Amino acid sequence: MTPDSTLPLSLQLKQQTANKHEQMHRLMERAEPFSSRAQYARFVAAQYVFQCDVEALFALREIQTAIPDLETRGRVSAARNDLRDLDFVIPEMPLAEHITMPAALGWLYVSEGSTLGAAFLLKEVKKKLALSESFGARNLAAYPEGRAIVWQRFTRYLDEARLEEQGKAAEVIAGAHAAFNRFDNLLRHFFRLA
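These notes cover the structure that comes with them. (Residues numbered from 1 in each chain as written. Predicted model: local features only at pLDDT ≥ 70, side-chain atom pairs only at ≥ 80, totals over all residues. Heavy atoms only, no water.)

**Side note on the environment of Val 125**
Step number 1: If you trace the backbone, Val 125 turns up in helix H6 (residues 103–129).
Step number 2: C-alpha of Val 125 to C-alpha of Met 93: the two residues are 32 residues apart in sequence and 26 Å apart in space.
Step number 3: Those residues in contact with Val 125 that lie beyond four places of it in its chain are Phe 34, Tyr 40, Ala 130, Leu 131, Ala 137 and Leu 140. (Helix = DSSP H or I, 4+ residues; strand = E, 2+ residues; numbered from the N terminus. Contact = heavy atoms within 4.5 Å.)

Structure, rendered in structure tokens:
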């Protein structure tokens, strides 16, 4: 599907990543991360490595300019603490390489979207695994301001960047696809899925 440059970038991203989003749902169903604490710890390990990739992008000056509230985002320390709670070894994997602007915005889009969608996952871990925002499921917690407010602010920043007018929206979308692929590969690695 060709991006519709008349749409704001946030809506182009939503449209252009819909298939990746569905593939991720199917992979999560196969992984069964809520079937036990041990399985859930595998999910958190994937989340930890992915968040390391994302937080490394916070050092990019262009990201700091485009998304000025980076200090409120990121979940590396939360995921690390969850892994400790779950007695899971903190994974050491190389960071994803060669992520630059504007593709980096696509990576942040995927990360921020997963924070928004984590409300459902948090309900699952509370119900099935008796974990919480203060033990084992910090990485799924809402931002202090609330998920929706922080998400809306993020999409506003994306749209204000006006990258579609500079012909760079396709690079952001490609970055989002690369981020989905990275998280897909991490899930397959930690859950040993083909």
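**Considerations on helix H8 (residues 169–191)**
Step number 1: Helix length check: H8 (23 residues) gives 33 Å between terminal C-alpha atoms against 33 Å at 1.5 Å per residue, within 8%.
Step number 2: Arg 192 lies just past H8 and shows a positive phi near 55 degrees. (Expected span 1.5 Å × (residues − 1).)

**Regarding the nonpolar core**
Step number 1: Residues Tyr 40, Phe 43, Leu 108, Val 125, Leu 140 and Leu 187 are the most contacted members of the largest nonpolar core, which totals 59 residues.
Step number 2: Of all elements in the fold, only helix H1 (9–16), helix H2 (18–31), helix H3 (37–56), helix H4 (61–66), helix H5 (76–85), H6, helix H7 (147–160) and H8 reach the threshold of two or more residues within this core.
Step number 3: Not counting residues up to four positions away in its chain, the partners in contact with Tyr 40 are Pro 33, Phe 34, Asp 82, Leu 86, Val 125, Leu 129, Leu 131, Gly 136, Ala 137, Asn 139 and Leu 140. (Core = buried A, V, L, I, M, F, W, Y, C linked by side-chain atoms within 4.5 Å. Buried < 20%, exposed > 50% of the residue type's maximum accessible area, 1.4 Å probe, protein only.)

**Re H3**
Step number 1: For H3, built from 20 residues, the straight-helix expectation of 28 Å at 1.5 Å per residue is met to within 8% by its first-to-last C-alpha distance of 28 Å.
Step number 2: Along H3, 14 of the 20 residues are buried, which leaves the element largely enclosed by surrounding structure.

**A closer look at the side chain of Gln 51**
Step number 1: Assignment of secondary structure puts Gln 51 in helix H3.
Step number 2: Its relative accessible area of 0% is what places Gln 51 among the buried residues.
Step number 3: With sequence-adjacent residues up to four places away left out, Gln 51 is seen in contact with Gly 74, Arg 75, Val 76 and Ser 111.

**Some words on the packing of aromatic side chains**
Step number 1: Under the defined criterion, the tally for this structure stands at 7 aromatic pairs.
Step number 2: For the pair Phe 50 and Trp 107, a centre-to-centre distance of 5.8 Å together with 15 degrees between the ring planes defines the contact as stacked. One end of the pair, Phe 50, is in helix H3; the other, Trp 107, is in helix H6, with 57 residues separating them in the sequence. Per residue, the accessibility class of Phe 50 equals that of Trp 107, and both read buried.
Step number 3: Ring centres 5.5 Å apart and planes at 65 degrees place the aromatic pair Phe 50 and Phe 183 in the edge-to-face group. Of this pair, Phe 50 sits in helix H3 while Phe 183 sits in helix H8; the two residues are 133 residues apart in sequence, bridging distant segments of the chain. This pair shows no difference in class: Phe 50 is buried, exactly as Phe 183 is.
Step number 4: Grouping aromatic residues by their ring pairs yields a cluster made of Phe 34, Tyr 40, Phe 43, Phe 50, Trp 107 and Phe 183. (Phe/Tyr/Trp six-rings, centres within 6.5 Å; stacked < 30°, edge-to-face > 60°.)

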